[in-house]
Amino acid sequence: ERFDERKMNCDVYEKEGKFYLDIDIPGFKKEDIKIECHKGTLTIKAEHHEETKTHDKRYICRERHFGKIERSFYLGDIDEDNIKASFKDGTLNIVVETKKNSEKKLITIE
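Let us look at the structure shown here. (Residues numbered from 1 in each chain as written. Predicted model: local features only at pLDDT ≥ 70, side-chain atom pairs only at ≥ 80, totals over all residues. Heavy atoms only, no water.)

Turning our eyes to something else, we now look at the packing of aromatic side chains. For the structure shown, the criterion picks out 1 aromatic pair. Relative to Tyr20, the ring of Tyr13 lies with its centre 5.1 Å away and its plane at 10 degrees, an arrangement referred to as stacked. The class of Tyr13 is partly exposed, set by a relative accessible area of 40%. (Phe/Tyr/Trp six-rings, centres within 6.5 Å; stacked < 30°, edge-to-face > 60°. Buried < 20%, exposed > 50% of the residue type's maximum accessible area, 1.4 Å probe, protein only.)

Now for the pairing of strand β2 (residues 18-24). With burial as the criterion, only one face of β2 is covered, namely that bearing Phe19, Leu21 and Ile23; the residues Lys18, Tyr20, Asp22 and Asp24 on the opposite face remain uncovered. Note that strand β1 (residues 9-15) and β2 share 7 bridges and pair antiparallel. The partner of Lys15 across the bridge, within β2, is Lys18. Where β1 folds back on β2, the antiparallel hairpin that results is connected by 2 residues, among which Glu16 adopts a positive phi of roughly 50 degrees. Sheet topology places β2 next to strand β7 (residues 91-98); 7 bridges connect them, and they run antiparallel. Within the sheet, the bridge partner assigned to Asp24 lies in β7 and is Thr91. (Helix = DSSP H or I, 4+ residues; strand = E, 2+ residues; numbered from the N terminus. Pairing = 2+ DSSP bridges.)

Turning our attention to unusual backbone geometry. Keep in mind that most residues, glycine aside, have a negative phi and that most peptide bonds are trans. For Glu16, which is not glycine, the phi dihedral falls at a positive 50 degrees. Along the chain, the position of Glu16 falls in the loop between β1 and β2. Judged by relative accessible area, which is 74%, Glu16 ranks as exposed. A positive phi angle is found at Asp89, which is not glycine, with a value near 55 degrees. Here Asp89 is to be found in the loop between β6 (78-88) and β7.

Written out as structure tokens, the structure is:
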């Protein structure tokens, strides 16, 4: 199944050893959203269903999205046990801490 990433506009930035993700997911409720983290990749999935009583309606225009959307972000060496998320007014805010020992390493070319 294909997911449309454009339905989740976002800003991702780093500040003081943390990643901040501000993701717009309008039209969804907190219960519709699932956040997963695996090997440094954070995946946000959202799903809501179309109302079941549409047979008595004749739509002139129908642009509201129903179904599933998904977006993934590779953040690297992060503390997967220390991720905080909140959802308010259609915006999902996630704070991810990087691991304390994840410093840049200089590689010597031989």
